[in-house]
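Here's the letter readout for the chains.
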Amino acid sequence: SLDYGYKAVYGDVEREGMFILSGRGPVVFKRAEEELRIKDIIASSGGKSLEESSRFYEDKKIEGMMSYIVNNYSKWKKLKQLFRNREYIEYNDFRPLRVNIKKQGLHSIDDYIDFFRTGESIGIFYYKDSGEKLCIDFINMGYKSFIFKVGTWLEVLTYNMVKELKEIYDVKAGVVFLWDIEKDRIKNEADVLASSGSRLIYISCKDTASYDEGDLNELEVYANKIGGEDALKILVATSLPNKNTTVLRAEEMGIHIIIFNGDTKGFKNNLQKLMD
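Everything numeric in this text was worked out from a predicted model, so none of it was measured.

**Considerations on the overall build of the chain**
From N to C terminus, the chain includes 10 helices and 13 strands. The principal-axis extent of the C-alpha atoms belonging to the chain is close to 85 × 40 × 35 Å. A buried classification covers 42% of the 276 residues belonging to the chain. Carbon together with sulfur atoms contributes 46% to the accessible area of the chain, which is approximately 15,400 Å² in total.

In structure tokens, the structure reads:
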């Protein structure tokens, strides 16, 4: 660059500034006036942020339902298993907002009636007991996904916990992005992204114990692609993985596994420790 008379400018994230490279060494060109936001970090890698779900995750009705879930976590763990059991759950293609829960052979539905009363009082859905079935009509598809789509509630919880952490500059959830706007038109999605000191924090949420090296590899590739090697990589789960080797592999890859067991204070503290 010097031989051809070009001005070489280097962006240093760690020292938060732009530097002109010359024969005398780096000279300060401009100090960063503010930290990089999520969209800026993605753009700096050649990608583009297309959409995100943060506003929906901040919905007051969602927050109200989240309060019920974390305050009744042992009950929620059993209830979500019911929601995943197609033996009892019926979907209707012609009425996409309706979900039926068959009561025949199910002896525990009355133990969870407070959940349905809470959801109705908040305005997430309406329900009625027809005797043979419990019919649930959701207000919109977003609320239905929050209850019935695996892991969405954990993404909401993680997003709201990260928002409260010290030194977090920007945080987004459900971010759909392109890796390379010039070459790659394949859309990718990140559960939760945050920035602190212009460093990307990439968080993947797994409401299961069935995650392995494949999930770790995906997390690493995505995080490194849009955040570089300095990206902080976190996997939030509700259980330790089925295979012990997954934990060892995560340590080797610099991926931090955090388990949410119903203790929101402990969960938040574990997240904060990684930011400090």
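**A look at the packing of helix 3 (residues 60-71) against helix 7 (residues 152-163)**
Each packed pair of helices is defined by two parameters, the angle between the axes and the distance between the axes. Where helix 3 meets helix 7, the closest approach of the two axes is 11 Å, and the angle between their N-to-C directions is 100°. With respect to helix 7, the element helix 3 is oriented roughly perpendicular. Residues Ile62, Glu63, Met66, Ile69 and Val70 of helix 3 pack against Trp153, Val156, Leu157 and Asn160 of helix 7.

**Side note on the sheet that holds strand 5 (residues 89-91)**
Strand-to-strand pairing in sheets goes through backbone hydrogen bonds, with the strands running parallel or antiparallel. One open sheet holds the four strands; their spatial order is 5-6-8-7, and the pairing between them is antiparallel. The outermost strands of the open sheet, each flanked by one partner alone, are strand 5 and strand 7 (125-129). Direction aside, neighbouring strands of the sheet carry axes that sit 20° apart on average. Looking at chain direction, strand 7 and strand 8 (residues 133-138) are connected through five bridges and run antiparallel. Paired with Lys128 across the bridge in strand 8 is Cys135. Of the strands in this sheet, strand 6 (98-102), strand 7 and strand 8 are in contact with helix 5 (residues 113-122), which crosses strand 7 at around 140°.

**A closer look at the environment of Gly46**
For Gly46, the location among the structural elements is in the loop between helix 1 (38-44) and strand 4 (48-51). When the C-alpha positions of Gly46 and Met18 are compared, they lie 19 Å apart, and in sequence the two are 28 residues distant.

**Some thoughts on the pattern of salt bridges**
Inspection of the entire model under this criterion finds 14 salt bridges. Residue Glu52 pairs with Lys172 through a salt bridge whose shortest N-O separation is 3.7 Å. On the criterion of sequence distance, the pair formed by Glu52 in the loop between strand 4 and helix 2 (54-57) and Lys172 in strand 9 (residues 170-180) is long-range, its members being 120 residues apart. The partner of Lys60 in a salt bridge is Glu63, with the nearest N and O atoms 3.7 Å apart. Taken together, the positions of Lys60 and Glu63, both in helix 3 and three residues apart, correspond to about one turn of that helix. Here Glu63 falls in the partly exposed class, since its relative accessible area comes to 26%. The network of salt bridges with common partners includes Lys80, Arg84 and Asp207.

**Details of helix 10 (residues 264-275)**
Taking 1.5 Å per residue as the helical rise, helix 10 with its 12 residues ought to reach 16 Å, and the 17 Å between its terminal C-alpha atoms agrees with that figure. Taken together, the buried positions of helix 10 are Gly266, Phe267, Leu271, Gln272 and Met275. Residues of helix 10 that are buried in the fold lie against helix 7, strand 11 (199-206), strand 12 (232-237) and strand 13 (255-259). Structurally, the start of helix 10 carries an N-cap: the backbone nitrogen of Lys265 is 3.2 Å from a side-chain oxygen of Asp263.

**A look at the packing of helix 4 (residues 73-83) against helix 5**
Direction vectors running N to C along helix 4 and helix 5 enclose 85°, while the axes themselves pass 11 Å from each other. Considering their axes alone, helix 4 and helix 5 lie roughly perpendicular with respect to each other. Contacts from Lys75, Trp76, Leu79 and Phe83 in helix 4 reach Asp114, Phe115 and Phe116 in helix 5. Of the residues in the contact of helix 4 with helix 5, the class split is five nonpolar, no polar and two charged.

**Digging into the side chain of Lys103**
Checked against the element boundaries, Lys103 lands in the loop between strand 6 and helix 5. Its relative accessible area of 18% is what places Lys103 among the buried residues. There is a polar contact of 2.7 Å between the side chain of Lys103 and the side chain of Asp129. Contact partners of Lys103, with chain neighbours within four places excluded, come to Ile109, Asp129, Gly131, Glu132, Lys133 and Leu134.

**A few points about the packing of aromatic side chains**
Under the criterion given, the structure shown has 22 aromatic pairs. When the centroid spacing of 6.0 Å and the interplanar angle of 80° are considered together, the rings of Trp76 and Trp153 count as edge-to-face. Note that Trp76 is positioned in helix 4 and Trp153 in helix 7, a separation of 77 residues in sequence. Like Trp76, the residue Trp153 is buried in the burial classification.

The rules behind these values
- Residues numbered from 1 in each chain as written.
- Predicted model: local features only at pLDDT ≥ 70, side-chain atom pairs only at ≥ 80, totals over all residues.
- Heavy atoms only, no water.
- Helix = DSSP H or I, 4+ residues; strand = E, 2+ residues; numbered from the N terminus.
- Buried < 20%, exposed > 50% of the residue type's maximum accessible area, 1.4 Å probe, protein only.
- Areas by Shrake-Rupley, 256 points an atom, 1.4 Å probe, with all protein chains shown as cover.
- Axes fitted to C-alpha atoms, helices over the stretch in contact; angles between N-to-C directions.
- Parallel < 35°, antiparallel > 145°, perpendicular 65-115°, else oblique.
- Contact = heavy atoms within 4.5 Å.
- Pairing = 2+ DSSP bridges.
- Salt bridge = Lys/Arg side-chain N within 4 Å of Asp/Glu carboxyl O.
- Expected span 1.5 Å × (residues − 1).
- Polar contact = N/O pair within 3.5 Å; in protein donor to acceptor, adjacent residues only side chain to side chain.
- Nonpolar A, V, L, I, M, F, W, Y, C, P; charged D, E, K, R; others polar.
- Phe/Tyr/Trp six-rings, centres within 6.5 Å; stacked < 30°, edge-to-face > 60°.

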